[in-house]
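Structural features, examined
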Amino acid sequence: MPKGLKATIKHAPDNTSAGVFIGITGTPEETSTEVLEIVIPPNLINGDYPVGDSLDIDETVPIYVDTNTNTKFNITAATRNAKITSDDIDDVIESVGVSGITTPAYGDDIEIPDLTTEEDTYDVKAVWKYDTDEEDSGIFEEKTYTLEITLTPKYGYVFSDDIEELITDSSETATKVTAEHENLIFTIDFTVTQ
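The rules we used
- Residues numbered from 1 in each chain as written.
- Predicted model: local features only at pLDDT ≥ 70, side-chain atom pairs only at ≥ 80, totals over all residues.
- Heavy atoms only, no water.
- Salt bridge = Lys/Arg side-chain N within 4 Å of Asp/Glu carboxyl O.
- Helix = DSSP H or I, 4+ residues; strand = E, 2+ residues; numbered from the N terminus.
- Buried < 20%, exposed > 50% of the residue type's maximum accessible area, 1.4 Å probe, protein only.
- Contact = heavy atoms within 4.5 Å.
- Core = buried A, V, L, I, M, F, W, Y, C linked by side-chain atoms within 4.5 Å.
- Pairing = 2+ DSSP bridges.

1. A short note on the pattern of salt bridges
Counted by the stated rule, this structure contains 5 salt bridges. With a closest N to O distance of 2.5 Å, Asp120 and Lys154 form a salt bridge. With Asp120 in the loop between strand E7 (116–117) and strand E8 (122–130) and Lys154 in the loop between strand E10 (144–153) and strand E11 (158–159), this residue pair connects regions lying 34 residues apart in the sequence. Classification of Asp120 by relative accessible area gives exposed; the value is 59%. Note on Lys154: relative accessible area 27%, which makes it partly exposed.

Here's what the structure looks like:
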């Protein structure tokens, strides 16, 4: 029996028993693939042994159950699932900021913004959107455009779960939209007038 396990017989068998229920309980302390071998000691057997010409059993002899070599323990090493949050990692980015935001003016060319980050621990990508469509050409018209800013941590870094603000050089406020995978996404709305 593997270490940490205990076998018990639910009902003691007797000389008329056709079967027996054996329960195995406990917490295994080691891995095992050993074959189950079942032996019932004499003190757990009720009744007298039949003794005859063809059967002569000593009462002190335990019952050995025929072993099926395909019946084995399947005890593997314990596994543990753990949720790792950003607070469990050493290289946590606590605040984020970008610069290079230009307020769009009516008639200006729409170009992909070239923003820079405050720190060299994450990358930034920005796109202009009108409604949900990306705008990367043409000119700014009398509309409200959204600057969508995506921040991606570099290898070995992760954003803190507590980041809610993006520091910028714009007078408009950036709004946190969502955390997508390990990224942070912020948006800033600009209303263009003539």
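2. Re the environment of Asp136
Tracing the backbone through its elements, the reader meets Asp136 in the loop between strand E9 (133–135) and E10. Spatially, the C-alpha atoms of Asp136 and Ile110 are 5.7 Å apart, while their sequence positions differ by 26 residues. Aside from chain neighbours lying at most four places away, what touches Asp136 is Ile110 and Ile112.

3. Topic: unusual backbone geometry
Residues other than glycine seldom take positive phi values, yet Asp131 does so here, at roughly 60°. As for its placement among the helices and strands, Asp131 is situated in the loop between E8 and E9.

4. Re the nonpolar core
Grouped together as the largest cluster of nonpolar side chains are 23 residues, with contacts concentrated most on Val96, Ile101, Ile149, Leu151, Phe159, Leu166 and Phe186. Each residue touching Leu151, except ones within four places of it in the same chain, is listed here: Val96, Val98, Tyr122, Asp123, Val124, Phe159, Leu166, Asn183, Leu184 and Phe186.

5. Quick notes on the environment of Asp161
Assignment of secondary structure puts Asp161 in the loop between E11 and strand E12 (166–167). Note on Asp161: relative accessible area 46%, which makes it partly exposed.

6. A closer look at the pairing of strand E14 (residues 183–191)
Burial analysis of E14 places 7 of its 9 residues in the buried class, the great majority of the element. Relative to E14, E10 runs antiparallel, the two sharing 8 bridges. Within E14, the residue paired with Thr150 across the bridge is Ile185.

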